[in-house]
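For reference, the chains in residue letters:
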Amino acid sequence: GVIGWGSQAPAQAQNLRDSIAEAGLDIKVAIGLREESPSWAEAEETGFTKADGTLGEVFDVIADSDMVILLISDAAQAKLYPRVLAAMKPGSTLGLSHGFLLGVMKNDGADFRKDINVVLVAPKGMGPSVRNLYVQGKSVGGSGINCS
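Bear in mind the structure is a predicted one, so any value in this text is a computation, not a measurement. All residue numbers refer to positions counted from 1 along the written sequence of the respective chain. Local features in this predicted model are restricted to residues whose pLDDT is 70 or higher, and side-chain atom pairs enter the listing and the counts only when it is 80 or higher, whereas totals over whole chains, interfaces and linings include all residues. Remark: hydrogens and water are excluded; side-chain values derive from all non-hydrogen atoms of the structure.

Time to look at the side chain of Ser37. A helix here means a DSSP run of H or I that spans at least four residues, while a strand means a run of E at least two residues long, and both kinds are numbered starting from the N terminus. Along the chain, the position of Ser37 falls in the loop between strand S2 (31–33) and helix H2 (39–45). Of the residues examined, Ser37 reaches a relative accessible area of 10% and is grouped as buried. Under the rule applied, a polar contact is a pair of N or O atoms within 3.5 Å (in protein, one hydrogen donor and one hydrogen acceptor; residues adjacent in sequence only if both atoms are side-chain atoms). Within the structure, the side chain of Ser37 is placed 3.0 Å from the backbone nitrogen of Ser39, a separation counted as a polar contact. Only protein chains enter the calculation, and the probe is 1.4 Å; a residue is then buried if its accessible area is under 20% of its type maximum, exposed if over 50%, and partly exposed in between.

Structure (structure tokens):
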């Protein structure tokens, strides 16, 4: 699940969805948002829907996902990370796009759960440019972006 819909989430969610489809894999990419969020309609405009299970409430998507890509604001990450980690199922993977949360957790004296994996993949570009270049079949700064 991709959590949030800021600068990076629309690009990363669509790129991931399109790459998975192109590879012929049967893996669903779901977006987790607050149901009252104005971003809900924006996610629907790009083809994510509650009806097909690709758009849902944040913590429902987290609990159902094998991989959680956390793309909410820094302030929201700092506030919500204990709930996010608690909602993740054992054996799942947390994906981050920058190291902000690592610093917050270090300052809090907190650590990641031992039964989840953590990866960091930092795109070299703002979300809209990452998506536009993906659609054009190009890369950002020499880095491939097929699954950014």
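We are not done yet, so read on.
Here Ser65 shows up in the loop between helix H3 (58–64) and strand S4 (67–70). Under the relative-accessibility criterion, Ser65 is labelled buried at 8%. Separated by 27 residues in the primary sequence, Ser65 and Ser92 have C-alpha atoms spaced 7.2 Å apart. At a separation of 3.0 Å, a polar atom in the side chain of Ser65 contacts the main-chain amide nitrogen of Gly1. Within polar-contact distance, the side chain of Ser65 engages the backbone oxygen of Val61 at 2.6 Å.

With that settled, consider the packing of aromatic side chains. Two measures describe an aromatic ring pair: the distance that separates the ring centres and the angle between the ring planes. Aromatic pairs are defined between Phe, Tyr and Trp rings, using the six-membered ring for Trp, whenever the two ring centres lie within 6.5 Å; interplanar angles under 30 degrees are classed as stacked, those over 60 as edge-to-face, and all others as tilted. Taken as a whole and judged by the stated rule, the model has 1 aromatic pair. Taking 6.0 Å as the distance between ring centres and 75 degrees as the angle between the ring planes, the aromatic pair formed by Trp5 and Phe48 counts as edge-to-face. Taken together, the residues Trp5 in the loop between strand S1 (2–3) and helix H1 (8–22) and Phe48 in the loop between H2 and strand S3 (55–57) connect sequence positions 43 residues apart. With respect to class, Trp5 is no different from Phe48; both count as buried. By definition here, charges over rings are those cases where NZ of Lys or CZ of Arg is within 6 Å of the ring centre and within 35 degrees of the ring normal. The side chain of Arg17 reaches across the aromatic face of Phe48, ending 4.4 Å from its centre.

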